[in-house]
Protein chains: 4
Amino acid sequence: MNHAAATPEEQEKLDAMYARMGELNLIPLWTQRENLMPDVPAPAATANRWDWQELIGIAQTAGDLVPVGRGGERRAIALANPGLSGNAFIAPTLWAAIQYLGPGETAPEHRHSQNAFRFVIEGEGVWTVVNGDPVAMRRGDFLVTAGWNFHGHHNDSGKPMAWLDGLDIPFQQQMDTAFFEEGTERVTDEATPALSRGERLWCHPGLRPLAFPGAQSSSPIPCYRWEHTDAALDDQLALEDEGFAGTVSPGHAAIRFTNPTTGGDVMTTLRTEFHRLRPAASTTPVHEVGNRVLQVFEGTATVTVADQTFTVATGDVVNVPSWQAWSVATDDGVDLFSFTDAPIFEALHLYRTYQQKGI
Amino acid sequence: MNHAAATPEEQEKLDAMYARMGELNLIPLWTQRENLMPDVPAPAATANRWDWQELIGIAQTAGDLVPVGRGGERRAIALANPGLSGNAFIAPTLWAAIQYLGPGETAPEHRHSQNAFRFVIEGEGVWTVVNGDPVAMRRGDFLVTAGWNFHGHHNDSGKPMAWLDGLDIPFQQQMDTAFFEEGTERVTDEATPALSRGERLWCHPGLRPLAFPGAQSSSPIPCYRWEHTDAALDDQLALEDEGFAGTVSPGHAAIRFTNPTTGGDVMTTLRTEFHRLRPAASTTPVHEVGNRVLQVFEGTATVTVADQTFTVATGDVVNVPSWQAWSVATDDGVDLFSFTDAPIFEALHLYRTYQQKGI
Amino acid sequence: MNHAAATPEEQEKLDAMYARMGELNLIPLWTQRENLMPDVPAPAATANRWDWQELIGIAQTAGDLVPVGRGGERRAIALANPGLSGNAFIAPTLWAAIQYLGPGETAPEHRHSQNAFRFVIEGEGVWTVVNGDPVAMRRGDFLVTAGWNFHGHHNDSGKPMAWLDGLDIPFQQQMDTAFFEEGTERVTDEATPALSRGERLWCHPGLRPLAFPGAQSSSPIPCYRWEHTDAALDDQLALEDEGFAGTVSPGHAAIRFTNPTTGGDVMTTLRTEFHRLRPAASTTPVHEVGNRVLQVFEGTATVTVADQTFTVATGDVVNVPSWQAWSVATDDGVDLFSFTDAPIFEALHLYRTYQQKGI
Amino acid sequence: MNHAAATPEEQEKLDAMYARMGELNLIPLWTQRENLMPDVPAPAATANRWDWQELIGIAQTAGDLVPVGRGGERRAIALANPGLSGNAFIAPTLWAAIQYLGPGETAPEHRHSQNAFRFVIEGEGVWTVVNGDPVAMRRGDFLVTAGWNFHGHHNDSGKPMAWLDGLDIPFQQQMDTAFFEEGTERVTDEATPALSRGERLWCHPGLRPLAFPGAQSSSPIPCYRWEHTDAALDDQLALEDEGFAGTVSPGHAAIRFTNPTTGGDVMTTLRTEFHRLRPAASTTPVHEVGNRVLQVFEGTATVTVADQTFTVATGDVVNVPSWQAWSVATDDGVDLFSFTDAPIFEALHLYRTYQQKGI
């Protein structure tokens, strides 16, 4: 509303009214409608790039200086979006952090309502123990730790290891849905098997154990191994070479990690994918409601978000704020891990995507 | 992590590390874990009470001083939770406002992704026009305006009218899912029928028009009339008198407004209910994940939220932050309208409730 | 396979082979493929018409000669499709019968896995008691008795009453899914209220009792009253007169009876509808997978099924076998009750419909 | 109803009434209630055993005498339940047949609404081509051909091959839902790859191609290979040995073949499983609504159905009629393929199971 024409007398009344509103814990819509209800999403978060070598470097320093243990719980360093007011949030809904565990160290068991995953850029030697089931972490592996399952990590090797943690901490913190409970100081099973028990039950394609019928709200697969992801992407590109459907677009193979009991996303708030681009390939720019994070697994690429372009190599992380068009192009080929909050918005019928025609 | 024992040399290294983290847009988990991941939800929002007479008074003042029209769009005054940093949010997910329309005034048509409803405490004479269907607003009526439907309001009477607007503006603003589009200046149908076309199609109990099969993501019922709500609550109490099941607990009748195409909530982000307590009745204290707003429709009551107690009468509004136990007691009987964000958390398997045993 | 060219020696071997197959409980596909796997459904059932006056007459005779009671359980006379080999089936999945209860008579309580409904063409005075809840039966009412609920009927009036029973007996008999259990000899509640308790809880449009959340596999509404059905159909035709959507096709109003906890069909195996045609209106011929039964509630019409045409008046019943095109035309207007087995085939992704273009 | 006490005059009236009912296509309920509505399912089908060596023998004879080709479509010989009136049905819902294809032969392409699968007891050399995708058939493999997909078979080897076909022909025949369409005479792709394209897209555990989102009504996996089934069962027994959950009961491992886009059954009408019993193990007797067929893949066992016991070895088939308790016991260990119609009854809320306590 335009009060420009207000007489001094009118202005006095208006001032008195707004002051009274303040006393009554009231705020008018008309002065901030466009901020609250923008024409298209106008995220406070900005697109940003984090350099993996810097992340690894600072994580090693923290490994030297900061013990891991009860209270702090994890030696995890969060990627903080510069637009989000000093919060440790890469996006309004998403948390991304580098976690670091030195030789012989243990991160104590706990559980929380937040959904979590780990993605391993490099290294091995740590086992994540989820509800007593030890899950080996190796390069390229994607591990699921859904909300309210006890879990800890222990490094059984002589070397430090670092990986990417992804969680819905910001969403649950802002939504006031977070619960937390401490578990044991040591992991409950210190065995170091090559495969977890969960994988042995659930990682046979299209087969499910008769003893565990019914849909589960999150994936019972503790770890999606790199060898399977790699083969799936190879197969899509080979099918493309043979002239058959399979890829998302020319030269662009991609898989989604899914909950085998539903065919849907691995967790109710997190969607996770792996993309592979051939040399000289690129993706089509797309606007999506919600937030996306990309991490290079191998290779180099340029990631364009709205009018910014980021050059990325192994381990680097870029985030895409809501509704900002993004695309990836590569000269020499690239493998990318990606996660989003799309399941939240799909569940609530708030999800939209848009691709400009003719592109 | 306790750095208390750090030597000056160690502290210097730590300081350098934290400074470097800041430069790299990184924030450690271990210094703020309990804030980000509390044992139980620790909402910033506080319980608060808004007085209806004050709301009406300030709305009338705004009616005198502030025009309604394009840009500001609505003469709506939001109830702003004192704990939420000056935002016009009654809860992190929910918006509640008093909207006021003078005789002959029109609030122009627009549409937005935000889900909205209206609840009428008193008065009549306004029609909300949703996708061209004029819906009369009368005392006790509950009107649905689901996201992305064009709608405007016009006052066809010689008197002003005010009502409660409820929306998911805060949720969509923080989640960056909001879209907005202007429509016509005047409502597209200025007719003033007693019943909307939507009601004539959808308000026959258990019957649906064959021409509109399938589930819809929000309710096709434009208005839930007071006469039906009142009768449903009366019937529950009468059944209780006759010795049969029907009420939620002794003396406590309640209905949920539902989407007849699914049996679920009227909109994907908002749950709406109506409660009636007999004289001398009270509800059982309950902790719920998510946010609740209560408005007295008629009668008086005391609302207890955690360790605060609010005395309320017709039109007064109280909010309940996440996981704070709440209950209502009344001496002379009370009718209460209530809305929550529970569908969001149910859809994501994040919903919990807790009632202390023995109460 | 054409064995026409078989030499006598070959034929001898063939004969021996087929004889051996018989001994081993084996049957070749190739001799009956077209029967087992027709190009389009080739139902054994035929379209047929039953005259309500004849049905009423024979039911009255049975009322005089045959007692109602334990063992036979019900004085119900089934409409037996002439194509279905002497079975008491109006269709391979559906049962339709006229049930008759004399003044003061009681049909004892029992329960069975079969889903059942009643539709009342004329008369009143009987209460069906479902799980102890007495449900008045009056002209035009549609009553649901879903599987495994105890129920009985008693005639509290001084006059006999007859109505249409619809069940999925043939489906459950052929599928071997049927369970049955006797209950009390007398109905468990002999009260004669105008409205059942179930209606008082569930028949407020769009409102559900908070005490009974969640989806139920069948409708909790015991009876869909004629006044509501009639009003819903009137409203559709009035909307059509006003130029708005609502009817299925010009002059053809129709509603589906639904389960308010899901928006879907009243029972998992039975779909039930009510159709009203204006004078001079007709429906579009349609092929549907599955079986349909039509009963005239009021008025006269011609029902065309494939190449047969039936003239029908109040109470007359016509069945439509699977995939046979059907339509209704009327000179003076007609009200029709209809039920089908479509939910079975929709649930199994076997449902299809087809309307010839240009009609 | 007991008419024993009828006087001659009464009997005359009764006879006249029943005669008139016959003329009007009417059948009373009271004379056949217990047949139509039994206390528990009373299947006409009986338990039976078919000997694989006999099946193979007669199939070879048919291979010599009967050509395969258009019209008959398949050289398939159905296992006909002795209780089902000469129909080629192993159960009221299920079809099981041995199909035989000689060296170089082709079974022409067609499609039908019936759902089908193949299970391979022995041999190899045939490719089933589904919608143009050639699927190799090898020992232990389970192949899905869901309804309305074009498919043919061709034998690319120098040897004949036989396998088990399972379909829902009886269900669709009785329900009048069957559609059929001829395709090409030759299979549309005569390539003989080790893995089908569908497997390459869909057989990576927990991973789905991003290019094919959403639920599909049947499994997109064309073939579940023996190596995966075998490994899954081995893993369950190994977990049991290690003291962890995984098996259905002691010594009894089992998997269900599932649709990876839903986690549910491979097709809407057919459930398929593989069971492995250790030496000296046995299953718990269970009553189930619906029909089950068991085929020994390897080993020997005794199958008990109600009060009958069948001794079975590799390839032998036994069926279990609805609600008849069944169990398997083995001395030397046994592998069993099994299929049922349970998805039909689960979808309609008609499914029940019962295990006697204390067993």
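Before any of the text, the structure's been laid out above.
The present account deals with the structure reproduced in this document. (Residues numbered from 1 in each chain as written. Chains lettered and ligands numbered in written order. Predicted model: local features only at pLDDT ≥ 70, side-chain atom pairs only at ≥ 80, totals over all residues. Heavy atoms only, no water.)

**Some points on the overall build of chain A**
Here's step 1: Counting its secondary structure elements, chain A contains 7 helices and 24 strands.
Here's step 2: Partitioning the contacts of chain A with sequence separation of at least 6, the portion at a separation of at least 24 is 73%.
Here's step 3: When the accessible surface of chain A is totalled, it reaches about 12,200 Å², and 48% of it is carbon and sulfur.
Here's step 4: Charged side chains in chain A number 24 positive and 45 negative. The centres of these two groups are separated by 4 Å. (Helix = DSSP H or I, 4+ residues; strand = E, 2+ residues; numbered from the N terminus. Contact = heavy atoms within 4.5 Å. Areas by Shrake-Rupley, 256 points an atom, 1.4 Å probe, with all protein chains shown as cover. Lys, Arg positive; Asp, Glu negative; His and termini not counted. Charge placed at Lys NZ, Arg CZ, Asp CG, Glu CD.)

**Section: the sheet that holds strand β12 (residues 180–182) of chain D**
All names here are of chain D.
Here's step 1: Spatially, the 5 strands line up as an open sheet ordered β8-β7-β10-β5-β12, and their pairing is antiparallel. Both outer strands of the open sheet, β8 (133–138) and β12, are each paired with one neighbouring strand and no more. Looking at each pair of strands side by side, their axes are set apart by 25 degrees on average, direction ignored.
Here's step 2: The pairing of strand β5 (residues 106–112) with strand β10 (residues 151–155) spans 3 bridges and is antiparallel. Paired with Thr106 across the bridge in β10 is His154. (Pairing = 2+ DSSP bridges. Axes fitted to C-alpha atoms, helices over the stretch in contact; angles between N-to-C directions.)

**Structural notes on the interface of chain A and chain B**
Here's step 1: At the interface, 88 residues of chain A touch 86 residues of chain B.
Here's step 2: When chain A packs against chain B, the two sides together hide about 7,400 Å² of surface, and 69% of this comes from carbon and sulfur.
Here's step 3: The interface formed by chain A and chain B contains 2 salt bridges.
Here's step 4: Summed over the shared surface of chain A and chain B, the result is 22 residue pairs in polar contact (both at pLDDT 80 or more).
Here's step 5: At the level of secondary structure, the elements contributing two or more residues to the side of chain A that touches chain B comprise α1 (8–23), β1 (26–28), α2 (33–36), β2 (48–50), α3 (52–65), β3 (76–79), α4 (169–175) and α7 (342–347) of chain A.
Here's step 6: When grouped by side-chain class, the residues that make up the side of chain A that touches chain B number 53 nonpolar, 25 polar and 10 charged.
Here's step 7: Relative to strand β3 (residues 76–79) of chain B, β1 of chain A is paired through 3 bridges, and the arrangement is antiparallel. Following the sheet pairing, Pro28 of chain A is matched in β3 of chain B by Ile77 of chain B. (Buried area = accessible area lost by both parts, 1.4 Å probe. Salt bridge = Lys/Arg side-chain N within 4 Å of Asp/Glu carboxyl O. Polar contact = N/O pair within 3.5 Å; in protein donor to acceptor, adjacent residues only side chain to side chain. Nonpolar A, V, L, I, M, F, W, Y, C, P; charged D, E, K, R; others polar.)

**Examining the side chain of Gln114 of chain C**
Here's step 1: Relative to the assigned elements, Gln114 of chain C resides in the loop between β5 (106–112) and β6 (116–119).
Here's step 2: The class of Gln114 of chain C is buried, set by a relative accessible area of 0%.
Here's step 3: Dropping the residues within four chain positions of it, Gln114 of chain C is found in contact with Thr145, Ala146, Gly147, Leu167, Asp168, Ile169, Gln172, Ala178 and Phe179 of chain C together with Leu36 and Met37 of chain D. (Buried < 20%, exposed > 50% of the residue type's maximum accessible area, 1.4 Å probe, protein only.)

**Section: the pairing of strand β21 (residues 317–320) of chain C**
All names here are of chain C.
Here's step 1: Taking every second residue as pointing to the same face, both faces of β21 are buried, with Val317 and Asn319 on one and Val318 and Val320 on the other.
Here's step 2: Where strand β18 (residues 292–299) meets β21, 4 bridges bridge the pair, whose relative direction is antiparallel. Within β21, the position partnered with Val293 by the bridge is Asn319.

**Comments concerning the arrangement of the chains**
Here's step 1: In this structure chain A stays clear of chain C, and the shortest span between their C-alpha atoms is 17 Å.
Here's step 2: When C-alpha atoms are compared, chain B and chain D, though not in contact, are closest at a spacing of 17 Å.

**A look at a negative patch on the surface**
Here's step 1: On the surface, a cluster of negative charge is made up of Glu9, Glu10, Glu12 and Asp15 of chain A.
Here's step 2: Take Glu10 of chain A: it is sitting in helix α1. (Patch = residues over 30% accessible without salt bridge, like charges linked within 9 Å, V, L, I, M, F, W, Y side chains within 5 Å.)

**With respect to the packing of aromatic side chains**
Residues and elements named next belong to chain B.
Here's step 1: Following the criterion strictly, the structure yields 64 aromatic pairs over all chains and no others.
Here's step 2: Centroid distance Phe274 to Phe297: 5.7 Å. Interplanar angle 75 degrees. Geometry classified as edge-to-face. Of the two residues, Phe274 sits in strand β16 (residues 271–277) while Phe297 sits in strand β18 (residues 292–299), which places them 23 residues apart along the sequence.
Here's step 3: For Phe274, a relative accessible area of 0% translates into the label buried. (Phe/Tyr/Trp six-rings, centres within 6.5 Å; stacked < 30°, edge-to-face > 60°.)

**A look at the relation of the copies chain C and chain D**
Here's step 1: After a rotation of 180 degrees and a shift along the axis of 0.0 Å, chain C superposes on chain D with an RMSD of 0.0 Å. In the structure described here, the two chain copies are related by an operation that fits a two-fold rotation axis. No C-alpha of chain C approaches the rotation axis more nearly than that of Ala347 of chain C, which lies at 3.2 Å.
Here's step 2: Comparing contact sets, 100% of the residues at the interface of chain C also lie at the interface in chain D, consistent with an isologous, same-surface contact. (Least-squares fit on C-alpha atoms with pLDDT ≥ 70 in both.)

**Topic: the packing of helix α3 (residues 52–65) of chain C against helix α1 (residues 8–23) of chain D**
Here's step 1: As a packed pair, α3 of chain C and α1 of chain D sit with axes 11 Å apart at the nearest point and diverge in direction by 155 degrees. It follows that α3 of chain C is roughly antiparallel to α1 of chain D by the angle criterion. The handedness of the crossing between α3 of chain C and α1 of chain D is left-handed. Taking contact as the criterion, the partners of Glu54, Ile58, Thr61, Ala62 and Leu65 of chain C in α3 of chain C are, on α1 of chain D, Lys13, Leu14, Met17, Arg20 and Met21 of chain D.
Here's step 2: Its residues assigned to classes, the contact of α3 of chain C with α1 of chain D shows 6 nonpolar, 1 polar and 3 charged. (Parallel < 35°, antiparallel > 145°, perpendicular 65-115°, else oblique. Left-handed = near helix turned anticlockwise from the far one by under 90°.)

**Description of the sheet that holds strand β20 (residues 308–312) of chain D**
Residues and elements named next belong to chain D.
Here's step 1: Across the sheet, 3 strands lie side by side as β20-β19-β22; this open sheet has antiparallel pairing. The two strands at the open ends of the sheet, each matched to only one other strand, are β20 and β22 (326–329). Each adjacent strand pair in this sheet contributes to an overall mean axis angle of 20 degrees, direction not counted.
Here's step 2: Two elements, strand β19 (residues 301–305) and β22, share 4 bridges in a ladder whose sense is antiparallel. Bridge pairing links Thr302 to Ala329 in β22.

**Considering the relation of the copies chain A and chain B**
Here's step 1: Mapping chain A onto chain B is achieved by rotating through 180 degrees and translating by 0.0 Å along the same axis, at an RMSD of 0.0 Å.
Here's step 2: Mapped onto chain B, 98% of the interface residues of chain A are again interface residues, and the two copies thus contact each other with one and the same surface.

**So, the interface of chain C and chain D**
Here's step 1: With 87 residues of chain C at the contact, the number on the chain D side is 87 residues.
Here's step 2: The junction of chain C with chain D conceals about 7,500 Å² of combined surface from both sides, 69% of it contributed by carbon and sulfur atoms.
Here's step 3: Summed over the shared surface of chain C and chain D, the result is 2 salt bridges.
Here's step 4: Between the two partners, chain C and chain D, sit 22 residue pairs in polar contact (both at pLDDT 80 or more).
Here's step 5: Listing elements by their share of the side of chain C that touches chain D, those giving two or more residues are α1 (8–23), β1 (26–28), α2 (33–36), β2 (48–50), α3, β3 (76–79), α4 (169–175) and α7 (342–347) of chain C.
Here's step 6: Residues that form the side of chain C that touches chain D fall into these classes: 53 nonpolar, 24 polar and 10 charged.

**Thoughts on the environment of Thr145 of chain B**
Residue and element names in this part refer to chain B.
Here's step 1: With respect to the secondary-structure elements, Thr145 resides in strand β9 (residues 142–145).
Here's step 2: On a C-alpha basis, the gap between Thr145 and Val266 in space is 9.6 Å, while along the polypeptide they are 121 residues apart.
Here's step 3: When neighbours within four sequence positions are excluded, Thr145 is seen to be in contact with Gln114, Asn115, Ala116, Phe117, Arg118, Thr128, Val130, His151 and Met267.
Here's step 4: At 3.3 Å, the side chain of Thr145 and the side chain of Arg118 are in polar contact.

**Overview of the pattern of salt bridges**
Here's step 1: A full pass over the atoms with the stated rule returns 104 salt bridges over all chains.
Here's step 2: The residue Arg276 of chain A makes a salt bridge to Asp230 of chain A at a minimum N-O spacing of 2.6 Å. Residue Arg276 of chain A is located in strand β16 (residues 271–277), and its partner Asp230 of chain A is located in helix α6 (residues 226–242); the two are separated by 46 residues in the primary sequence.
Here's step 3: Residue classification places Arg276 of chain A among the buried positions, given a relative accessible area of 9%.
Here's step 4: A salt bridge links Glu73 of chain C to Arg70 of chain C, with the shortest nitrogen-to-oxygen separation between them at 2.8 Å.
Here's step 5: Owing to a relative accessible area of 0%, Glu73 of chain C belongs among the buried residues under this scheme.
Here's step 6: For Arg70 of chain C, a relative accessible area of 23% puts it in the partly exposed group.
Here's step 7: Via salt bridges that share partners, Arg70, Glu73, Glu182 and Glu185 of chain A belong to a single interconnected network.

**Observations regarding helix α6 (residues 226–242) of chain B**
Residue and element names in this part refer to chain B.
Here's step 1: A rise of 1.5 Å per residue sets the reference length of α6, with its 17 residues, at 24 Å; its end C-alpha atoms lie 24 Å apart and thus fit the reference within 8%.
Here's step 2: Within the span of α6, buried status applies to Trp226, Thr229, Ala232, Leu233, Asp235, Gln236, Leu237 and Leu239.
Here's step 3: Immediately downstream of α6, the backbone of Gly243 shows phi near 95 degrees, a positive value. (Expected span 1.5 Å × (residues − 1).)

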